[in-house]
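# An overview of the molecular structure
What follows is each chain in one-letter form.
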Amino acid sequence: DAGITQSPRYKITETGRQVTLMCHQTWSHSYMFWYRQDLGHGLRLIYYSAAADITDKGEVPDGYVVSRSKTENFPLTLESATRSQTSVYFCASIPGQGGDTIYFGEGSWLTVV
Amino acid sequence: LAKTTQPISMDSYEGQEVNITCSHNNIATNDYITWYQQFPSQGPRFIIQGYKTKVTNEVASLFIPADRKSSTLSLPRVSLSDTAVYYCLVGSHQTGANNLFFGTGTRLTVIP
């Protein structure tokens with residue numbers, strides 16, 4: 001039972017570069033989310049998706065782009081990385097039917113230099 | 001929006017019961033209250049969920065008063081391995097998946 005897998009787990013990139021964080025889930029959950037976690041801010045929602053081809057903004061969407069062409073994948077792209085986007089990024093999902101338990105991936109550590 | 005307020009940190013000795021309270025004054029009728037635990041370098045994981053009154057499972061209890069404007073996570077007889085950050089989450093994808101706010105969490109340190 002692989003659950004949610006994120007890649008890469010660790011990434012260092014330069015300011016201005018485009019970076020894509022991948023997220024794959026094996027459960028066919030309807031909802032998928034991207035959160036970022038920074039010291040002093042807890043977990044903040046970037047974008048979410050209710051189903052394939054349906055995405056919407058969360059609390060801190062600026063500078064990020066998402067897509068969901070397939071139910072199991074939900075990539076997050078930083079179009080032009082900035083130092084303020086240095087963070088830990090968590091992908092998550094919920095079934096959408098029969099409960100709201102959120103299942104998280106192990107996180108992607110991104111450093112923008 | 002049902003944002004939450006929790007203490008930033010708590011300390012407890014091993015073997016004691018720990019109660020962490022979360023305030024959520026704007027909770028909506030369809031919102032559930034869910035608690036998550038997060039260890040360093042890991043994603044949060046589900047502990048317990050409730051709607052009203054009391055819920056108990058093998059690791060914790062959740063107490064919710066009638067007005068549902070707060071909730072208390074109770075961890076019986078904590079051990080060193082319970083040292084983690086605990087998040088209270090109020091919401092439901094049915095009332096809006098973008099309303100699933102985690103807040104800053106409570107950092108629990110268990111002391112030997």
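None of the values given here were measured: they were computed from a predicted structure. Starting from 1, residues in each chain are numbered consecutively following that chain's sequence as written. Here the convention is simple: chains get letters from A, ligands get numbers from 1, in the order in which they are written. At least 70 in pLDDT is required for a residue's local features to be given in this predicted model, at least 80 for side-chain atom pairs to be given and counted, and no such filter applies to totals for whole chains, interfaces and linings, which use all residues. Excluded from the side-chain calculations are hydrogens and water; all other atoms, namely the structure's heavy atoms, are used.

On to the overall build of chain A. Per the convention used, a helix needs a DSSP run of H or I reaching at least four residues, while a strand needs a run of E reaching at least two, with both numbered from the N terminus. Across its full length, chain A carries 0 helices and 11 strands. Listing the helices and strands of chain A from first to last along the sequence gives β-β-β-β-β-β-β-β-β-β-β. Note on method: radius of gyration uses C-alpha positions; expected globular size equals 2.2 Å times residues raised to 0.38. In terms of C-alpha radius of gyration, chain A reaches 13 Å, essentially the compact-globule figure of 13 Å for 113 residues. Dimensions along the principal axes, computed over C-alpha positions, put chain A at roughly 40 × 25 × 25 Å. The classification of residues rests on relative accessible area computed with a 1.4 Å probe and restricted to protein chains. Under 20% of the type maximum is buried, over 50% is exposed, and intermediate values are partly exposed. Burial status across chain A gives 49% buried among its 113 residues. Contact between two residues is taken to exist if any of their heavy atoms lie within 4.5 Å; hydrogens are not considered. Across chain A, every contact between residues at least 6 apart in sequence was considered, and the portion connecting residues at least 24 apart equals 53%. Working definition of accessibility: Shrake-Rupley area with a 1.4 Å probe, residue cover restricted to the visible protein chains. Entry remark: accessible area of chain A is about 5,300 Å², with carbon and sulfur atoms responsible for 47%. Distance between charge centres in chain A, computed from 9 positive and 11 negative side chains, equals 8 Å. Think of it this way: Lys and Arg go in the positive column, Asp and Glu in the negative one, and His and the chain ends go nowhere. Every charge is mapped to an atom, namely NZ of Lys, CZ of Arg, CG of Asp or CD of Glu.

Here the focus is the packing of aromatic side chains. Geometry of aromatic contacts follows a simple scheme: Phe, Tyr and Trp rings, the Trp one being its six-membered ring, pair when their centres are within 6.5 Å, and the pair is stacked under 30 degrees between planes, edge-to-face over 60, tilted otherwise. Summed over the entire model, instances satisfying the criterion amount to 12 aromatic pairs over all chains. The interplanar angle of 45° and the centroid separation of 5.8 Å between the aromatic rings of Tyr35(A) and Phe104(A) together place this pair among those described as tilted. With Tyr35(A) in strand 4 (residues 31-38) and Phe104(A) in strand 10 (residues 103-104), this residue pair connects regions lying 69 residues apart in the sequence. Take Tyr35(A): its relative accessible area is 0%, and that puts it in the buried class. Relative to Tyr89(A), the ring of Tyr64(A) has its centre 5.9 Å away and its plane inclined at 65°; by these criteria the two rings are edge-to-face. Of the two residues, Tyr64(A) is situated in strand 7 (residues 64-66) and Tyr89(A) in strand 9 (residues 87-94); the sequence distance between them amounts to 25 residues. Assessed through its relative accessible area of 0%, Tyr89(A) is described here as buried. Within the aromatic cluster, the residues linked to one another by ring pairs are Tyr10(A), Tyr31(A), Phe33(A), Tyr35(A), Tyr48(A), Phe90(A), Phe104(A), Trp109(A), Tyr36(B) and Phe46(B). Lysine NZ or arginine CZ positioned within 6 Å of the ring centre and within 35 degrees of the ring normal marks a charge as sitting over the ring. The ring of Tyr51(B) carries the charged tip of Arg68(B) above its face, separated from the ring centre by 4.0 Å.

Our next topic: the nonpolar core. Buried together is how nonpolar side chains tend to be arranged in soluble globular proteins. Each nonpolar core is a collection of buried residues, namely Ala, Val, Leu, Ile, Met, Phe, Trp, Tyr and Cys, held together in the definition by side-chain atoms within 4.5 Å. In terms of nonpolar packing, the biggest core is built from 21 residues, with Ile33(B), Trp35(B), Leu73(B), Leu75(B) and Tyr86(B) touching the most fellow members. Considering every element that reaches this core, the biggest residue donor is strand 8 (residues 84-91) of chain B, with 4 residues. With sequence-adjacent residues up to four places away left out, Ile33(B) is seen in contact with His24(B), Ile27(B), Ile48(B), Gln49(B), Gly50(B), Leu62(B), Ile64(B), Arg68(B), Ser71(B), Cys88(B), Leu89(B) and Val90(B). Ranked by size, the runner-up nonpolar core spans 19 residues in total, among them Ile4(A), Leu78(A), Ala81(A) and Cys91(A).

Residue and element names in this part refer to chain A. One side-chain nitrogen of Lys or Arg within 4 Å of one carboxyl oxygen of Asp or Glu is enough to make a salt bridge. All chains considered together, the criterion is met by 4 salt bridges over all chains. Close ionic contact of Glu 14 with Arg 17 constitutes a salt bridge, the shortest N to O distance being 3.3 Å. On the basis of relative accessible area, Glu 14 is assigned to the partly exposed category, the value being 44%. When the shortest N-O distance is used, the salt bridge between Arg 44 and Asp 38 registers 2.9 Å. Across the pair, Asp 38 and Arg 44 agree in class, each one buried. Three or more residues are tied together by salt bridges with common partners; here these are Arg 36, Asp 38 and Arg 44.

Here we come to the interface of chain A and chain B. In this assembly, 24 residues from chain A lie in contact with 21 residues from chain B. Buried surface at the junction of chain A and chain B, summed over both partners, amounts to about 1,800 Å²; 57% is from carbon and sulfur atoms. Taken together, the links from chain A to chain B amount to 1 salt bridge. Lys3(B) is paired through a salt bridge with Glu59(A); the nearest N and O atoms lie 3.9 Å apart. The set of elements that each furnish at least two residues to the side of chain A that touches chain B consists of strand 4, strand 5 (42-51) and strand 9 of chain A. By residue class, the composition of the side of chain A that touches chain B is 11 nonpolar, 8 polar and 5 charged. Defined in terms of a 1.4 Å probe, buried area is the accessible area two parts forfeit on being brought together, summed over both. Under the convention adopted here, Pro, Cys and the residues Ala, Val, Leu, Ile, Met, Phe, Trp and Tyr are nonpolar, Asp, Glu, Lys and Arg are charged, and Gly plus all remaining residues are polar.

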